[in-house]
Amino acid sequence: MGLVQELSAQLPENFPGYSVVSNENADEGYTFLSVSTEVEGVGFYVFIIDTAGEVYKYRELNHDYAYDFKMQPNGQLSYAQFTSHHTYTGGGNCVHMIMDQEMNLMDSIGLQNGYFAEAHDFQILPNGHILMFGYYLTQMDLSDVVDGGYPDAQVSGGIIQELDAEGNVIFQWRSWDHYNPETFIWGARSNLQVVSTFHLNDINLDTDGNIIFATPTWTKKLSRQTGEIMWHLGGDENEFSFIGIDSTDGVGMVAGHMFYRLDNGHVLLYDNSPRGGADANSKANEFILDEVNKTAELVWTYAYPTQIKGWHRGNAFRTNNGNTLIGWGGANGAQIPTCTEVDPDGNITYEVYFENPDVESYRAFKFPMGDGLIAEQTEIDLAQGNTYSFLQGDTLDTGIQVKVNVLGGIGYNEFTVAAYDKAPIKPAFAGKDPMLLPQRITMFPDWMSIEGTASFDVNILQINNPEQITVYARNFEEQGVFEPLTTSYNFVTGKLSANFTITDSDKFEFVFGYPDLTVFALKPWLETPINGSRMNENETIKLEWAPNGFFKYFTLQVATDESFSNLVVDESNYSPTFYNFSCEPQNDYYWRVKTFSEASDQILESEWSEVGHFQSTGEFIEMLAPLGGEKWQYGLDYFIRWNDNISDEVIIELYNEHTYLATLDTVESDGAYLWSIPTNTEIGCKYTIQVKDLATQTLLGESPAFFSITDTTGNDGCSDYIAETSNLNKLTVYPVPAHDQLTINFTLKSSANTVFEVLSIQGSKLLKPISKESSVGSNQTTLSIGSLSTGVYLMKIDIENETVYQKFIVN
């Protein structure tokens, strides 16, 4: 999938030109950059610049550019390879590519459960788990919650997943499972047909085991145990007060392009808000967060000596020597550094410029290359009963001692110990995975077997909270299962100790684990189908649910009775969060789900979810608007609305007195169509709309009564006609809404036989018709409607040769 090589004297002609300025105070790491724009004459690359400013390694990408090129805690490299770009927001769908340090492709990873990963961020945790996110579009009726909102708006949401080292989803969070559209604070562009919300930029695991994630306007903390949002920082829901800066300015300084926790407990982020305006100036900010008292104290900030309006992309990254590397993202072709490194006093120590200002790198990082070896030492001729301290030279201490309890083999043995500041590759555990520190130890016995006690100096190895640590070991590097060792901590000597046995090993590998968050088994929420839905019996039905907190698998039951005695689906140990169900015709179905979560020593079981109900029916299309009686003015926009259970496109047609006039459009059957009524449309009061299945045009829904098209004065040209020809002068139906009974008041010009029928919106007869002789003048009829459920209905009144429809509501 492209070219990988060490730099020779000749780079490809389409390689981006760049320059480097550096001084002696710059961090010694290698710089990770990418070409994250489409520029004529420039290829798509991810590449690494060495400490001398030369290209160390590169990979050319054939078909599109990449985001988020970096090194993961285990020493592997990753980048987000675009597969498509979003049209409603920045970024796009991607596959996260995993490489070794020679830039050989090792793996590719994406979201599970039918979702696509998004390119902005991706994290491999030290224990091999993966955090990533994506977007999904869900249809919402925003006509009642947003001024000018679409009834069929496609609203984006964010989805976050955590995968274990084997690629199984163990945590999933979707924004619209936790936010109510009616109380959500909608932005200025929420009256568009496609509405962008939750534009996620980054995701990180915080030191307490919960997730921090952010957008260009806010940062939030998410509980992995329950899926609840723990706090809101910045944006409309901000809960924090600010120290050292004005509160209004503070809210705008905590939006998260690369918001993450530093080793000192502070948080660092790249602030490129506000995104517009003459005064916009990008900067890096460091805050102290008090998550109990909800305060944010600005303790360090850096803005470039001249204004940089890097309004999209970018990051701030703390290097190993305490400097801060800032990737400035993009500034619409302005000549800015692609990245700048500064010391704690704000002095520039390092910069990279692209020669072509249209070339942008999504982010910039600095990492030391190599396997992370800190120290390595070999002892020879080990003897049983002795204790060995592994020192590299006179001063470099591995932090490891080994006491030989039992020694097997022949003489002339060797024993090599090495300490690394990288997490293990391919970690696996029996039972629930612990969290791991990003480091590992290897021991290599040559010509010997050994039973011993390993002691680890927590100060040299920088092991925090050693009381919580368990030492794990496996027989071979990069393969096998880590087993927990009996571990003790001596706070006097500052050493962790664990007994081990090596009988057959290439390199025995140790890691340091600590417990993950306490696991609960919380019942899931049923998502689709919506309760009471009428589903197409000829199509596969997707049952979908939302987990809360951790999960390992689910049990799903579908039955034809509410007591679940007649099961048609009984799936256990089921991992996805959806199920494709094929139903029988004309049936009622009930379904429920429960969660099973893996704790440290047991599998926990939740309660059942609430019971969902749906019906399998034949195909239908029912009109929701216009239903009759509406007055729509030409020159304005109105929504034609319908409900259906078909997947075909639909044809929308206009009729006058049931005579075809025009085809308005052929569209996806999403339940709404915005009709801009042409100004040359003839006014009139006997219009109807038909919505037809494109494949089966006999399947249709039609306005059950006439609506009007008027001019700008509201005239439909029909008032005189009605007065002369209609027997009905006046009609009212009350109360609104009705409950147990409905009263109809009407006035006739002449006596006539009248028939009253109650219909569903789609025209089905619901109650027995009532026929009576009505006299000239005022008349009244009362109907019992106590058997009707909440909803909208039609009253059909036949007055000899005339039919009138009137909508009413039951509550």
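Parameters and conventions
- Residues numbered from 1 in each chain as written.
- Predicted model: local features only at pLDDT ≥ 70, side-chain atom pairs only at ≥ 80, totals over all residues.
- Heavy atoms only, no water.
- Helix = DSSP H or I, 4+ residues; strand = E, 2+ residues; numbered from the N terminus.
- Buried < 20%, exposed > 50% of the residue type's maximum accessible area, 1.4 Å probe, protein only.
- Contact = heavy atoms within 4.5 Å.
- Areas by Shrake-Rupley, 256 points an atom, 1.4 Å probe, with all protein chains shown as cover.
- Lys, Arg positive; Asp, Glu negative; His and termini not counted.
- Charge placed at Lys NZ, Arg CZ, Asp CG, Glu CD.
- Phe/Tyr/Trp six-rings, centres within 6.5 Å; stacked < 30°, edge-to-face > 60°.
- Lys NZ or Arg CZ within 6 Å of the ring centre and 35° of its normal.
- Core = buried A, V, L, I, M, F, W, Y, C linked by side-chain atoms within 4.5 Å.

Asker: Go over the overall build of the protein chain, please, and point to the residues and values.
Answerer: What the protein chain contains, in helices and strands, is 2 helices and 64 strands. C-alpha atoms of the protein chain, sized along the principal axes, occupy 120 × 65 × 50 Å. Among the 811 residues that make up the protein chain, the fraction classed as buried is 54%. Taking as baseline every contact in the protein chain between residues at least 6 positions apart, the subset at least 24 positions apart corresponds to 60%. Carbon together with sulfur atoms contributes 46% to the accessible area of the protein chain, which is approximately 35,500 Å² in total. On the protein chain, the mean spot of the 42 positive side-chain charges and the mean spot of the 109 negative ones are 6 Å from each other.

Asker: I'd like to hear about the packing of aromatic side chains, residue by residue, with values.
Answerer: Overall, the coordinates contain 59 aromatic pairs when judged by the stated rule. Ring centres 5.5 Å apart and planes at 25 degrees place the aromatic pair Phe429 and Phe482 in the stacked group. Taken together, the positions of Phe429 in the loop between β32 (396–420) and β33 (435–436) and Phe482 in the loop between β35 (470–474) and β36 (483–484) put the pair 53 residues apart, joining distant regions of the chain. Taken individually, Phe429 and Phe482 each receive the classification buried, so the pair is uniform in this respect. Clustering of aromatic rings is evident, with ring pairs tying together Trp173, Trp176, Tyr179, Phe184, Trp186, Phe198, Phe213 and Trp218. Against the face of Phe620 rests Arg534, its NZ or CZ located 3.7 Å from the ring centre.

Asker: Could you give me a rundown of the nonpolar core, with the residues and numbers involved?
Answerer: One finds Ile160 and Leu543 to be the most contacted residues of the largest nonpolar core, which totals 96 residues. Counting residues per element, this core draws most heavily on strand β12 (residues 130–140), at 7 residues. In this view, Ile160 contacts Met132, Phe133, Phe171, Gln172, Trp173, Leu200, Ile203, Ile211, Phe213 and Leu222; residues no more than four positions away in its chain are not counted. Membership of the second largest hydrophobic core comes to 30 residues, among which are Phe415, Met443, Leu485 and Ile502.

Asker: Could you give an account of the environment of Met369, with specific residues and numbers?
Answerer: Position of Met369 relative to the elements: it lies in the loop between β29 (365–367) and β30 (373–380). Sequence separation of Met369 and Leu517 is 148 residues, and the distance between their C-alpha atoms is 32 Å. Not counting residues up to four positions away in its chain, the partners in contact with Met369 are Tyr30, Phe32, Ile48, Tyr56, Met71 and Gln101.

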